[in-house]
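# Survey of secondary and tertiary structure
Take a look at the letters that make up each chain.
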Amino acid sequence: MKYVMKERMFSLGDDHWIEDEHGEKAYLVDGKVLRLRDTFELKDQTGQIVAVVKKKVVTVRDAMKIENADGDVVATVREKLFTPFRDKYKVELESGGELEIHGDLLDRDYRIEDEHGKQLAEVSRRWFSIRDAYGIKIHDGADIPLLLAVAVCLDHMVAEEH
């Protein structure tokens, strides 16, 4: 399944839809204001919260945590401690294991892989002629809300860095 996101759309107080490959609204990214830390809720078409993304306040390295609808932390997206190459971020799963981010985050051309190298999602702006949009292709069997929430985190963290 492919989804379309607008580049740098994640600013606090702004709400934006992530559309599916047919142009239908699939998930709402609800940027919350008046919070102590950056917070985004990912809601499905019915308005149900499927994930919440929050910036961690006190950390040595930039990090955002992803919670499920019940408020349980399921993953943390953080900068790697030492990155001699472009791959600066990783996703630590609460259930154990990690997801690796490989590619060019600034140009929105990267992939998300599990710890065994299996590709779970691919992000690219090459699929669109619109300059301010990019696509997320999520492979069969992968956790769609988690991977979209990871993309939200990365978009926000890269935008803050640059």
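Before any of the text, the structure's been laid out above.
Residues numbered from 1 in each chain as written. Predicted model: local features only at pLDDT ≥ 70, side-chain atom pairs only at ≥ 80, totals over all residues. Heavy atoms only, no water.

### A look at the nonpolar core
Condition: For our purposes a nonpolar core is just a set of buried Ala, Val, Leu, Ile, Met, Phe, Trp, Tyr and Cys residues, chained together by side-chain atoms within 4.5 Å. A simple rule labels every residue: compare its accessible area, found with a 1.4 Å probe on the protein chains alone, to the largest value its type can have, and call it buried under 20%, exposed over 50%, or partly exposed in between. Helix and strand labels come from DSSP, where a helix needs a run of H or I of at least four residues and a strand needs a run of E of at least two; each type is numbered from the N terminus. Contact definition: two residues touch when any of their heavy atoms are within 4.5 Å.
Of all hydrophobic cores here, the largest spans 39 residues; its most connected members are Ile66, Ile101 and Val150. By residue number, the principal contributor to this core is helix α1 (residues 144-161), which donates eleven residues. Those residues within four positions of Ile66 in sequence are excluded, and the remaining contacts are Ala51, Val52, Val53, Asp72, Val73, Val74, Ala75, Val77, Leu146, Ala149, Val150 and Cys153.

### Notes on the pattern of salt bridges
Applicable threshold: Salt bridge, as used here, is a side-chain nitrogen of Lys or Arg placed within 4 Å of a carboxyl oxygen of Asp or Glu.
Within this structure, the stated rule accounts for nine salt bridges. A salt bridge links Lys90 to Glu92; the shortest N-O distance between them is 3.4 Å. Take Glu92: its relative accessible area is 22%, and that puts it in the partly exposed class. Among the ionic pairs, Glu113 bridges to Arg111, the shortest N-O distance being 2.8 Å. For Glu113, a relative accessible area of 12% gives the class buried.

### Here's the deal with α1
The condition that has to hold: Expected span of a helix: the number of residues minus one, times 1.5 Å. Identification of polar contacts relies on pairs of N or O atoms within 3.5 Å, with a donor-acceptor requirement for protein atoms, meaning one able to donate a hydrogen and the other able to accept it, and with residues adjacent in sequence counted only if both atoms are side-chain atoms.
For α1, which comprises 18 residues, the first-to-last C-alpha distance of 26 Å matches the rise-based estimate of 26 Å (1.5 Å per residue) to within 8%. Most of α1 is tucked away, with 13 of its 18 residues classed as buried. Of the residues flanking the start of α1, the one acting as N-cap is Asp143, its side-chain oxygen 3.1 Å from the backbone nitrogen of Leu146.

### Some remarks on the sheet that holds strand β6 (residues 63-67)
Worth spelling out the cut-off: For two strands to be treated as a pair, DSSP must find at least two bridges joining them. In this description, a line fitted to the C-alpha atoms serves as the axis of each element, helices being fitted only across the stretch in contact, and the angle between N-to-C directions of two axes falls anywhere from 0 to 180 degrees.
Here we have twelve strands rolled up into a closed barrel, ordered β1-β2-β3-β4-β5-β6-β7-β8-β9-β10-β11-β12, and antiparallel in their pairing. Here the strands of the sheet are splayed against their neighbours by 20 degrees on average, with no regard to which way each runs. Of the strand pairs in this sheet, strand β10 (residues 109-114) and strand β11 (residues 119-124) are connected by five bridges, and their pairing is antiparallel. Paired with Ile112 across the strands is Ala121, a residue of β11.

### A look at the pairing of strand β12 (residues 133-138)
Most of β12 is tucked away, with five of its six residues classed as buried. Judged from the five bridges that link them, strand β1 (residues 2-6) and β12 form a sheet pairing that is antiparallel. Paired with Lys6 across the two strands is Ala133, which belongs to β12. When β11 meets β12, the two strands line up antiparallel, connected through four bridges. By the bridge assignment for β12, Ala121 is matched with Ile138.

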